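Structural characterization, general
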Amino acid sequence: MIPGGESTTISRLITQKGLKEPILKKAKQGTPIFGTCAGMVLLASSGSEEVEKANQSLLGLIDAKVNRNAFGRQRNSFHINIPLKFLDKPYKTVFIRAPAYTEVGEKVDILGKISDKVIAARQKNILVTAFHPELVDDNRIYNYFLEFI
Ligand SMILES: NC(=O)CC[C@H](N)C(=O)O
């Protein structure tokens, strides 16, 4: 799991602790990885100007371009029931200064969108959501992720 938080801080820690190579190695061996919110930012392969400017080191495990704060500032946080591709009924998604993918490559399976913003996606063993599944009492996302194992 790469959780939500602050992607610049998490990326600095990953670099400082020498974790980038081990994470990439595990991912290539097929270890399932689930990134939520800031985790979704870090798993992208490229970023908007804001990400480039901050010189954030991305893991690049999902072929996608990320906008770090695609829904505005912290006070613009919201929740909404939306359909996700792998669920038969809508899921309550909680967005906190959330990112979104603005472009995705062919290998990426889009699992959820809000207008033109990709907010859930999968590339092989890597799953990302822009929202926070830990804040709702609904395990369906984790059940889906467990199928990767
Ligand atoms: N809730 C979150 O994880 C916010 C992520 C934040 N937008 C970032 O770039 O790090």
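What counts, and where the lines are drawn
Residues numbered from 1 in each chain as written. Predicted model: local features only at pLDDT ≥ 70, side-chain atom pairs only at ≥ 80, totals over all residues. UniProt positions renumbered as here; feature names shortened; annotations may be inferred. Helix = DSSP H or I, 4+ residues; strand = E, 2+ residues; numbered from the N terminus. Buried ≥ 20, exposed ≤ 12 C-beta atoms within 10 Å, placed from the backbone. Core = buried A, V, L, I, M, F, W, Y, C linked by C-beta atoms within 7 Å. Contact = placed C-beta atoms within 7 Å. Near = placed C-beta within 6 Å. Nonpolar A, V, L, I, M, F, W, Y, C, P; charged D, E, K, R; others polar. Arc of directions from axis to C-beta. Pairing = 2+ DSSP bridges.

**Considerations on the UniProt feature "active site" (unreviewed entry) in the protein**
Mapped onto this numbering, the UniProt entry gives "active site" (unreviewed entry) at C37, H132 and E134. For the residues just named, distributed over 98 residues, the greatest C-alpha separation is only 11.2 Å, placing them together at one site. Its location among the elements puts C37 in the loop between strand 1 (33-36) and helix 3 (38-43). Since 27 C-beta atoms lie within 10 Å of it, C37 is described here as buried. Note on placement: H132 falls in the loop between strand 9 (126-129) and helix 5 (140-146). Since 18 C-beta atoms lie within 10 Å of it, H132 is described here as partly exposed.

**A closer look at the nonpolar core**
L42, L43, A44, I62, A121, V128 and A130 are the most contacted members of the largest nonpolar core, which totals 37 residues. Secondary structure elements with two or more residues in this core: strand 1, helix 3, strand 3 (62-67), strand 5 (91-95), strand 6 (100-104), strand 8 (117-123), strand 9 and helix 5. At 5 residues, the largest contribution of residues to this core is made by helix 3. In this structure, A121 is in contact with I62, A64, Y101, V104, V108, D109, I110, L111 and V128, ignoring residues within four places of it in sequence.

**Focus: the site of the ligand**
Close contacts around the ligand come from G4, G5, E6, S7, C37, A38, V41, R68, N69, I96, R97 and P99, and that covers them all. Within the shell around the ligand, the residues separate by chemical class into 5 nonpolar, 4 polar and 3 charged.

**Concerning the UniProt feature "binding site: L-glutamine" (unreviewed entry) in the protein**
Per the UniProt record, the feature "binding site: L-glutamine" (unreviewed entry) sits at G5, E6, S7, R68, I96 and R97. Maximum C-alpha separation among the annotated residues is 12.9 Å over a sequence range of 93 residues, consistent with a single clustered spot. Residue placement: E6 occurs in the segment before helix 1 (7-16). Here R68 shows up in the loop between strand 3 and strand 4 (78-82). C-beta crowding within 10 Å serves as the criterion here: with 23 such atoms nearby, R68 is assigned to the buried category.

**Let's talk about helix 1**
Among all positions of helix 1, only S7, I10 and S11 are buried. The arc that holds the buried residues of helix 1, viewed along the axis, is 100°, so those residues lie on one side. Every exposed residue of helix 1 that faces more than 90 degrees away from the buried side is listed here: T9, L13 and Q16. Packing partners of the buried residues in helix 1 comprise helix 3. A positive phi of about 65° marks G18, the residue just after helix 1.

**Here we look at the pairing of strand 9**
Of the two faces of strand 9, the one lined by I126 and V128 and the one lined by L127 and T129 are each fully buried. Across 4 bridges, strand 1 lies against strand 9 in parallel orientation. The residue bridging T36 from the neighbouring strand is T129, located in strand 9. As paired elements, strand 8 and strand 9 share 4 bridges and run antiparallel to each other. From the neighbouring strand, Q123 faces strand 9, where its bridge partner is I126. Taking the residues between adjacent antiparallel strands as the criterion, strand 8 and strand 9 are bridged by 2 residues, where K124 takes a positive phi near 50°.

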